[in-house]
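What the coordinates show
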Amino acid sequence: MLALPPSKDVELFDNVPLVRLHDEAEHLTAFLKALYDPRCLPWKKHDINTVRTVEGILLLANKYEADHLRERIVDLLERDWPSELSFWDINEAERIAKEESGEFETEELMPDPCAAIRLARKCNVPSILPAALYHLSRIQGISDCHLPDSLKKTFSGEIRGQTADFSLLSTEDSRCLLVGRDAILHLFEHYLKKAHNEVWSSIKRSVLNHDNCQRFSWRFEDKLRLEVLRYNSDPLSVMKRDLNSDEVRNLAELPCDSCLEDFFSSLNENRINFWDKLPSLFMLDPQ
Ligand SMILES: [Zn+2]
């Protein structure tokens, strides 16, 4: 890391060569500690302090090419902000369980996605951007932690769940968020119609009466639409439905088993496509 050419002119300190570094003392201390003992790195998922703790270490791991250290930190960040839907679902289940336990403050449930996005840009960890931007897209603008007091009072009853420090976002990332939010709603609508059309086209080929099934499809789509618009702008959670849930079984007019299965499998398939499209919705694809 700090190889010096043999020379008589090397400045000494306590009889050892002295090297002057221009890094921030706090970053360098954390970096050297982690270099000699990586066990001091954070390891817990969704720790709200992770970004602050690893930022200096990651900056210097990049600069001094400490690849093993960088890999460990990127792994940790990717556990919080995964690029695979199955891991996102596991994280969501854990977050909801924590929330329902009532043992955690809202701020303790998830780290601030704005801080993660800023770190990803600064330290070249693009893999965490889609999940962090998606999570941020679920947080309302009025949940900005620097909202002026006058607005805080006005919206005190409306601000639910996690707050975020939107001031950490660059102009470029604010634009990614803005476009991504709209694109998410449009794509969700597209996939709802697609799920309906896929079921309806198989119904049309059938000789049996499927009036109930068609009505179910319309009603269920409206229900999903309303949930996205009214509650959380979170199509990934809204599209995740369980065929055997009480919600479905308690419906007054249940469709036939075949239509029900078709509709739900189409919804799930489209949910996977939806996840895969996140990088392009947030304009993260290489230009
Ligand atoms: Zn049917």
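Residues numbered from 1 in each chain as written. Predicted model: local features only at pLDDT ≥ 70, side-chain atom pairs only at ≥ 80, totals over all residues.

Details of the overall build of the chain
Selection rule: Secondary structure elements are taken from DSSP: a helix is a run of H or I of four residues or more, a strand is a run of E of two residues or more, and numbering for both begins at the N terminus. Each radius of gyration is computed over the set of C-alpha atoms, and the globule rule expresses the reference value as 2.2 Å times the number of residues to the power 0.38. Contact criterion: two residues are in contact if their C-beta atoms, reconstructed from the backbone, are within 7 Å.
Along the chain, the regular secondary structure elements total 13 helices and 2 strands. Radius of gyration (C-alpha) of the chain: 25 Å, far over the 19 Å computed for a compact globule of 287 residues. In terms of principal-axis extent, the alpha carbons of the chain reach across some 95 × 45 × 40 Å. Relative to all contacts within the chain whose residues are 6 or more apart in sequence, the contacts with residues 24 or more apart total 66%.

Let's talk about the packing of helix H1 (residues 25-36) against helix H2 (residues 50-63)
The cut-off we apply is this: What counts as an axis is a line fitted to C-alpha atoms, over the stretch in contact for a helix, and the angles between N-to-C directions run from 0 to 180 degrees. Angular relationships are summarised with four words: roughly parallel below 35 degrees, roughly antiparallel beyond 145, roughly perpendicular across 65 to 115, and oblique for the angles in between. Ten residues, namely Ala, Val, Leu, Ile, Met, Phe, Trp, Tyr, Cys and Pro, are considered nonpolar, four, namely Asp, Glu, Lys and Arg, are considered charged, and the remaining ones, Gly among them, are considered polar.
Viewed as axis vectors pointing N to C, H1 and H2 meet at an angle of 75°, and their least axial separation amounts to 8 Å. Accordingly, the angle class assigned to the pair H1 and H2 is roughly perpendicular. On H2, the residues that touch Glu26, His27, Leu28, Ala30, Phe31 and Ala34 of H1 are Gly56, Ile57, Leu59, Leu60 and Ala61. Of the residues belonging to the contact of H1 with H2, the class tally is 8 nonpolar, 2 polar and 1 charged.

Some details on the nonpolar core
This is how the line gets drawn: Working definition: the nonpolar core is a set of buried Ala, Val, Leu, Ile, Met, Phe, Trp, Tyr and Cys residues, joined through C-beta atoms within 7 Å. Three exposure classes are used, based on other C-beta atoms lying within 10 Å of a residue's own C-beta, which is placed from the backbone: buried for 20 or more, exposed for 12 or fewer, and partly exposed in between.
Among the nonpolar cores identified, the biggest contains 52 residues, and Ile57, Ala116, Ile128, Ala132 and Leu133 are the most heavily contacted of them. When residues of this core are traced back to their parent elements, those giving at least two are H1, H2, helix H3 (67-80), helix H6 (113-122), helix H7 (129-137), helix H9 (171-204), helix H10 (211-232) and helix H13 (257-281). In terms of residues, this core owes the most to one element, H9, which gives 8 residues. Excluding residues that lie within four positions of it along the chain, alanine 116 makes contacts with Val51, Leu77, Trp81, Pro111, Ile128 and Ala132.

Observations concerning the packing of H6 against H7
Condition: Helix crossings fall into two classes, left-handed where the near helix is turned counterclockwise from the far one by less than a right angle and right-handed where it is turned clockwise.
Contact geometry for H6 and H7: axes closest at 9 Å, N-to-C directions at 150°. Accordingly, the angle class assigned to the pair H6 and H7 is roughly antiparallel. Here H6 runs over H7; the crossing is left-handed. The segment H6 lies against H7, with Pro113, Cys114, Ala116, Ile117 and Ala120 engaging Leu129, Ala132, Leu133, His135 and Leu136.

Section: the environment of cysteine 256
Following the sequence through the fold, cysteine 256 ends up in the loop between helix H12 (246-249) and H13. Exposure remark for cysteine 256: the 16 C-beta atoms within 10 Å place this residue in the partly exposed category. If we ignore the near neighbours within four places in the chain, the residues touching cysteine 256 are His210 and Cys213.

Considering H13
To be explicit about the condition: A helix is expected to span 1.5 Å multiplied by its residue count minus one. The bend reported for a residue corresponds to the angle between axes fitted to the seven residues ending at that residue and the seven starting there.
When the terminal C-alpha atoms of H13 are compared, their 34 Å separation across 25 residues agrees well with the 36 Å that a helix rising 1.5 Å per residue should span. The axis of H13 is deflected most strongly, by about 30°, at tryptophan 275, and proline proline 279 appears within four residues downstream. Residues of H13 that are buried include every one of Cys259, Asp262, Phe263, Ser266, Leu267, Asn270, Arg271, Phe274, Trp275, Leu278 and Leu281, and no others. At the C-terminal side of H13, methionine 283 shows a positive phi close to 55°.

So, the environment of lysine 193
The topology assignment puts lysine 193 in helix H9. Residue lysine 193 is classed as exposed on the basis of its 12 C-beta neighbours within 10 Å. Sequence spacing of lysine 193 and leucine 60 is 133 residues, and the spatial spacing of their C-alpha atoms is 49 Å.

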